[in-house]
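Read off the chains here:
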Amino acid sequence: MLRQRILTAAWLAPLMLAGLFGLAGGAFAAFTGVVVLLAAWEWTNLAGVTVAGRRLSLVAGLALLMALLWWLGAVLATWPLWVAVAGWAINLYWVVQYPAKSDQWGSTAARLAMGLWVLLPAWVGFNVLRDTGGIWLLYVLLLVWGADIGAYFCGRTWGRRKLAPAVSPGKSWEGVAGGAAVTLLLALMFSVWQELGVAGGLGLVVVTAVVTLVSVLGDLLESMLKRFRGIKDSSNLLPGHGGVLDRIDSLTAAVPLFALLSFGML
């Protein structure tokens, strides 16, 4: 398994970095669109759709909707990011209340609708951040990765109090605190590098703290859906790593919110 993980990472990491930072405009939108559509394919399974033909038609429908957003110029608009705020507020309620309120979202239709307000705004957020030149896209990627790494090591070392035992028993509040500490350091470093000043640096610290917590919610939401569906990984598209959603679950929450909250700083 370790060998397979390394082999997959060896070709996946350069491909993703080249796509995220080597492309711009329509090419970037198309590249990130493919990633989102792969995640959507996996989401249809999380929603309980098992017939390949229907899954394909749903993904094709999402592709048409993305093309419409591009044609309307909404791919750089803020309103889809506000949709994400509302959607993730609902997601938070359902994660906190799991499994008591699972009847509210357990139907296939509800889970498919959930996928729309998770995946579409994430795609828009990626494009909004890339339109600034890429530095803040890099920042939010480092934020999510730093939060994950900090949470992993601090959780393993000091984790005692469970964060959401019904959803993901392995996560702890100590892990969340460790991830937040890493991202706070990242915010301070970027504030100095980008010469944001005291007010700008404080703003970035606040935004970073909020987005760090929301990135944890992104992870928990997918864990909840997989637990409800009775599966371990969203798919096996990435051998040794699970599925695309398993790699971008935190980003689906963090990217649109960061793009919205940091709009004035970009």
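Residues numbered from 1 in each chain as written. Predicted model: local features only at pLDDT ≥ 70, side-chain atom pairs only at ≥ 80, totals over all residues. Heavy atoms only, no water.

Counted by the stated rule, this structure contains ten aromatic pairs. When the ring of Trp-105 is compared with that of Phe-228, the centres are 4.7 Å apart and the planes differ by 55 degrees; the resulting orientation is tilted. Linking Trp-105 in helix H5 (residues 102–105) with Phe-228 in helix H9 (residues 197–229), this pair joins segments that are 123 residues apart in sequence. Its relative accessible area of 34% is what places Phe-228 among the partly exposed residues. Centroid distance Tyr-152 to Phe-153: 5.1 Å. Interplanar angle 85 degrees. Geometry classified as edge-to-face. Joined through ring pairs, the aromatic side chains of Trp-136, Tyr-139, Phe-190, Trp-193 and Phe-258 make up one cluster. The ring of Trp-41 carries Arg-55 above its face, with NZ or CZ at 4.0 Å from the centroid. One residue, Arg-130, lies across the ring of Phe-28, its end atom 6.0 Å from the ring centre. (Phe/Tyr/Trp six-rings, centres within 6.5 Å; stacked < 30°, edge-to-face > 60°. Helix = DSSP H or I, 4+ residues; strand = E, 2+ residues; numbered from the N terminus. Buried < 20%, exposed > 50% of the residue type's maximum accessible area, 1.4 Å probe, protein only. Lys NZ or Arg CZ within 6 Å of the ring centre and 35° of its normal.)

We now examine a nonpolar patch on the surface. There is a patch of nonpolar side chains on the surface, built from Leu-17, Phe-21, Leu-142, Trp-145, Ile-149, Tyr-152 and Phe-153 and spanning about 690 Å² of accessible area. Those elements that place two or more of their residues in the nonpolar patch are helix H1 (2–22) and helix H7 (135–158). Of the residues forming the nonpolar patch, the biggest block, five residues, is contributed by H7. Topologically, Ile-149 is positioned in helix H7. Residue classification places Ile-149 among the partly exposed positions, given a relative accessible area of 49%. (Patch = residues over 30% accessible without salt bridge, like charges linked within 9 Å, V, L, I, M, F, W, Y side chains within 5 Å. Areas by Shrake-Rupley, 256 points an atom, 1.4 Å probe, with all protein chains shown as cover. Salt bridge = Lys/Arg side-chain N within 4 Å of Asp/Glu carboxyl O.)

Okay, the nonpolar core next. Counting residues in each nonpolar core, the largest one holds 72 residues, and the members touching the most others are Trp-43, Met-114, Trp-123, Tyr-139, Leu-221 and Phe-258. The biggest single contributor to this core is helix H10 (residues 244–261), with eleven residues. Discounting chain neighbours no more than four positions away, the residues touching Leu-221 are Trp-43, Trp-88, Asn-91, Val-95, Met-114 and Val-118. (Core = buried A, V, L, I, M, F, W, Y, C linked by side-chain atoms within 4.5 Å. Contact = heavy atoms within 4.5 Å.)

A separate point is the side chain of Lys-226. The residue Lys-226 is located in helix H9 in this model. At 3.0 Å, the side chain of Lys-226 and the side chain of Asp-246 are in polar contact. When residues no more than four places from it in sequence are discounted, the contact partners of Lys-226 are Leu-46, Ile-231, Lys-232, Asp-233, Ser-234 and Asp-246. (Polar contact = N/O pair within 3.5 Å; in protein donor to acceptor, adjacent residues only side chain to side chain.)

Here the residue pair Tyr-98 and Pro-99 is connected by a cis peptide bond, since its omega of 5 degrees sits within 30 degrees of zero. Tracing the sequence through the fold places Pro-99 in the loop between helix H4 (79–96) and H5. Even without glycine at this site, Glu-195 takes up a positive phi of about 50 degrees. The residue Glu-195 is located in the loop between helix H8 (173–193) and H9 in this model. According to the relative accessible area criterion, Glu-195 is exposed, its value standing at 70%.

Let's shift gears to the packing of H4 against H9. For the pair H4 and H9, interaxial distance at closest approach is 10 Å and the crossing angle is 55 degrees. By the criterion of interaxial angle, the relationship of H4 to H9 is oblique. The element H4 and its partner H9 pack so that their crossing is left-handed. Facing Trp-88, Asn-91, Leu-92, Trp-94 and Val-95 of H4, the residues of H9 in contact are Leu-217, Gly-218, Leu-220, Leu-221 and Met-224. Classifying every residue of the contact of H4 with H9 by side-chain character gives eight nonpolar, two polar and no charged. (Axes fitted to C-alpha atoms, helices over the stretch in contact; angles between N-to-C directions. Parallel < 35°, antiparallel > 145°, perpendicular 65-115°, else oblique. Left-handed = near helix turned anticlockwise from the far one by under 90°. Nonpolar A, V, L, I, M, F, W, Y, C, P; charged D, E, K, R; others polar.)

This part covers the packing of H8 against H9. Geometrically, a packed helix pair is captured by the angle between its two axes and the distance between the axes. Axis separation between H8 and H9 bottoms out at 9 Å; the angle between their running directions is 150 degrees. Judged by the inter-axis angle, H8 sits roughly antiparallel to H9. Our pair here, H8 against H9, has a crossing hand that is right-handed. Taken together, the residues of H9 that come into contact with H8 (itself represented by Val-176, Gly-179, Ala-180, Thr-183, Leu-184, Ala-187, Leu-188, Phe-190 and Ser-191) are Gly-201, Leu-204, Val-205, Thr-208, Thr-212, Leu-213 and Val-216. The residue inventory of the contact of H8 with H9, partitioned by class, reads ten nonpolar, six polar and no charged.

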